[in-house]
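Structural overview for review
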Amino acid sequence: MKFLLPAASLSLLMAGVAAPALAQSSPDWSGPYIGVYGGALDNKQDDGETLVFDRNLDGVFGETVTTAAAANAFAPGFCDGGASGDAAASGCNSDNTGVEGSVRAGYDWQFGSIVAGLAAEWSATDVSDTVTGFSSTPASYVFKRELTDMAALRARLGYATGPALVYVTGGAARGSIENSFRTTNTANSFVTQKDEDKADGWQAGAGLEWRLAPNLSVTGEYLYTSLSTDDYVVRAGNTGTTPATNPFILAPNTTGTDIARSSDEMKLHAFRIGMNVRF
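In this report, we go over the structure that sits alongside the text.

What counts, and where the lines are drawn
- Residues numbered from 1 in each chain as written.
- Predicted model: local features only at pLDDT ≥ 70, side-chain atom pairs only at ≥ 80, totals over all residues.
- Heavy atoms only, no water.
- Pairing = 2+ DSSP bridges.
- Helix = DSSP H or I, 4+ residues; strand = E, 2+ residues; numbered from the N terminus.
- Axes fitted to C-alpha atoms, helices over the stretch in contact; angles between N-to-C directions.
- Salt bridge = Lys/Arg side-chain N within 4 Å of Asp/Glu carboxyl O.
- Disulfide = S-S within 2.5 Å.
- Buried < 20%, exposed > 50% of the residue type's maximum accessible area, 1.4 Å probe, protein only.
- Phe/Tyr/Trp six-rings, centres within 6.5 Å; stacked < 30°, edge-to-face > 60°.
- Lys NZ or Arg CZ within 6 Å of the ring centre and 35° of its normal.
- Patch = residues over 30% accessible without salt bridge, like charges linked within 9 Å, V, L, I, M, F, W, Y side chains within 5 Å.
- Areas by Shrake-Rupley, 256 points an atom, 1.4 Å probe, with all protein chains shown as cover.

1. Remarks on the pairing of strand β13 (residues 234–238)
- By the bridge criterion, five bridges tie strand β10 (residues 188–192) to β13 in an arrangement that is antiparallel. Bridge pairing links Val191 to Arg235 in β13.
- The pairing of β13 with strand β14 (residues 257–261) spans three bridges and is classified as antiparallel. What sits directly across from Arg235, in β14, is Asp258.

Encoded structure:
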């Protein structure tokens with residue numbers, strides 16, 4: 001449903017363009033424009049991401065959760081994606097390639113063959129980034145972050161030749177993140193913090209815009225996005241019936257253990273096509 005707006009906007013824009021679709025030999029790129037874009041959004045996961053633990057609740061992560069026999073409770077390891085079962089042998093399902101739909105408004109200035117401009121953009125997105133830890137219980141602990149929308153302000157610099165504009169672009173980005181957690185552990189209580197979050201970062205990319213008519217162009221674009229999120233923390237605690245030998249509440253720290261992801265970055269590759277109407 002959230003991608004109907006860009007699709008409808010594209011239909012309206014195309015219907016409202018009355019100029020003949022004739023490529024110009026030397027179009028003028030100066031002036032304002034609006035556009036709609038859509039494409040694939042791929043999450044570049046950090047290889048080797050893990051879960052990290054704060055056993056004494058001092059806000060510093062990196063401690064080892066151990067069993068009553070002093071063995072590493074997470075010796076089975078970690079994997080990218082969501083767990084297929086409660087044991088490491090069941091493996092993980094990788095995150096699917098996401099999608100996005102965007103609306104953009106911008107302004108360009110042309111100086112000979114050089115074109116410089118600014119663009120503001122808002123995107124509805126559907127892409128996730130998941131990591132799983134496995135304990136020796138056995139049990140799985142799955143952390144998932146989803147990017148639901150993103151705003152960006154970018155500059156671009158291009159070279160105009162014939163009906164084509166080849167450009168590079170870069171700027172700031174801010175996204176909305178929804179965090180979630182699931183586990184097959186039924187022995188502990190789990191309390192989550194900050195299910196919704198904002199993530200700040202940057203974007204950089206390149207593209208080709210092709211003038212079809214005096215006021216209509218199409219674009220193919222690649223864009224890389226890096227967003228930094230706040231820590232999403234889950235506390236594993238005592239249900240009231242949790243055994244005293246449980247690794248998360250093992251003495252002397254019987255209150256519980258905080259769990260978080262080892263990486264606070266979300267890295268995305270976008271391949272998109274779009275259409276601009278110029279004024």
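Resuming the write-up.
2. Thoughts on the sheet that holds strand β2 (residues 51–54)
- The sheet built from four strands is open, its strands ordered β2-β14-β13-β10 with antiparallel pairing. Sheet topology places β2 and β10 at the edges, where each strand pairs with a single neighbour. Geometrically, the sheet is characterised by an average inter-axis angle of 30° between neighbouring strands, direction not taken into account.

3. Points about the pattern of salt bridges
- Applying the stated criterion to the full structure yields 16 salt bridges.
- For Asp129, the salt bridge goes to Arg145, with nearest N and O atoms at 3.0 Å. Residue Asp129 is found in strand β7 (residues 114–135), and its partner Arg145 is found in strand β8 (residues 139–161); the two are separated by 16 residues along the sequence.

4. Side note on the state of the cysteines
- Taken as a whole, this structure holds one disulfide when the rule is applied.
- In this model, Cys79 is linked to Cys92 through a disulfide, with the two sulfur atoms separated by 1.7 Å. Within this pair, whereas Cys79 is found in strand β3 (residues 77–80), its partner Cys92 is found in strand β5 (residues 92–93), the two being separated by 13 residues in sequence.

5. Remarks on unusual backbone geometry
- Along the chain, Thr137 connects to Pro138 via a cis peptide bond; the corresponding omega equals 5°.
- Within the secondary structure layout, Pro138 lies in the loop between β7 and β8.
- In this chain, Ala251 is followed by Pro252 through a cis amide linkage whose omega measures 10°.
- Structurally, Pro252 can be placed in the loop between β13 and β14.
- Backbone geometry at Leu57 places phi at a positive 55°, although glycine is not the residue there.
- Structurally, the position occupied by Leu57 is in the loop between β2 and β3.
- Phi is positive for Ala70, close to 70°, though the residue is something other than glycine.
- Look at Ala70 and you get exposed, because its relative accessible area is 64%.

6. Quick notes on the pairing of strand β12 (residues 216–228)
- Sheet topology places strand β11 (residues 196–213) next to β12; 13 bridges connect them, and they run antiparallel. Looking at β12, one finds that Gly207 is bridged to Glu221.
- Counting the residues between successive antiparallel strands, the hairpin from β11 to β12 contains two residues.
- Here β12 pairs with strand β15 (residues 265–278) via 13 bridges, running antiparallel. Within β15, the position partnered with Thr225 by the bridge is Leu268.

7. Here we look at the packing of aromatic side chains
- Taken as a whole, this structure holds 13 aromatic pairs when the rule is applied.
- Taken together, a centroid distance of 5.9 Å and an interplanar angle of 75° make the contact between Tyr141 and Phe248 edge-to-face. One end of the pair, Tyr141, is in strand β8; the other, Phe248, is in the loop between β13 and β14, and 107 residues separate them in sequence. Each of the two residues, Tyr141 as well as Phe248, counts as buried.
- Geometrically, the ring pair formed by Phe143 and Phe181 is edge-to-face, given 5.0 Å between the ring centres and 65° between the ring planes. A residue pair is termed long-range when its members are at least 10 positions apart, and Phe143 in strand β8 and Phe181 in strand β9 (residues 164–183) qualify at 38 residues. Neither residue differs from the other here; Phe143 and Phe181 are each classed as buried.
- The structure contains a cluster of three or more aromatic residues connected by ring pairs, namely Phe53, Phe74, Phe78, Tyr141, Phe143, Phe181, Phe190, Tyr232 and Phe248.
- One residue, Arg104, lies across the ring of Tyr37, its end atom 3.8 Å from the ring centre.
- For the cation-ring pair, Arg211 lies above Trp29, with the distance from its terminal atom to the ring centre recorded as 4.3 Å.

8. Side note on a nonpolar patch on the surface
- On the surface, Tyr107, Trp109, Phe111, Ile114, Leu118, Leu157, Tyr159 and Val168 cluster together into a nonpolar patch covering about 810 Å² of accessible area.
- Listing elements by their share of the nonpolar patch, those giving two or more residues are β6 (98–111), β7 and β8.
- Per-element accounting of the nonpolar patch gives the leading share, three residues, to β6.
- Relative to the helices and strands, Trp109 is located in strand β6.

Scope: geometric values only; no functional claims are made or implied.
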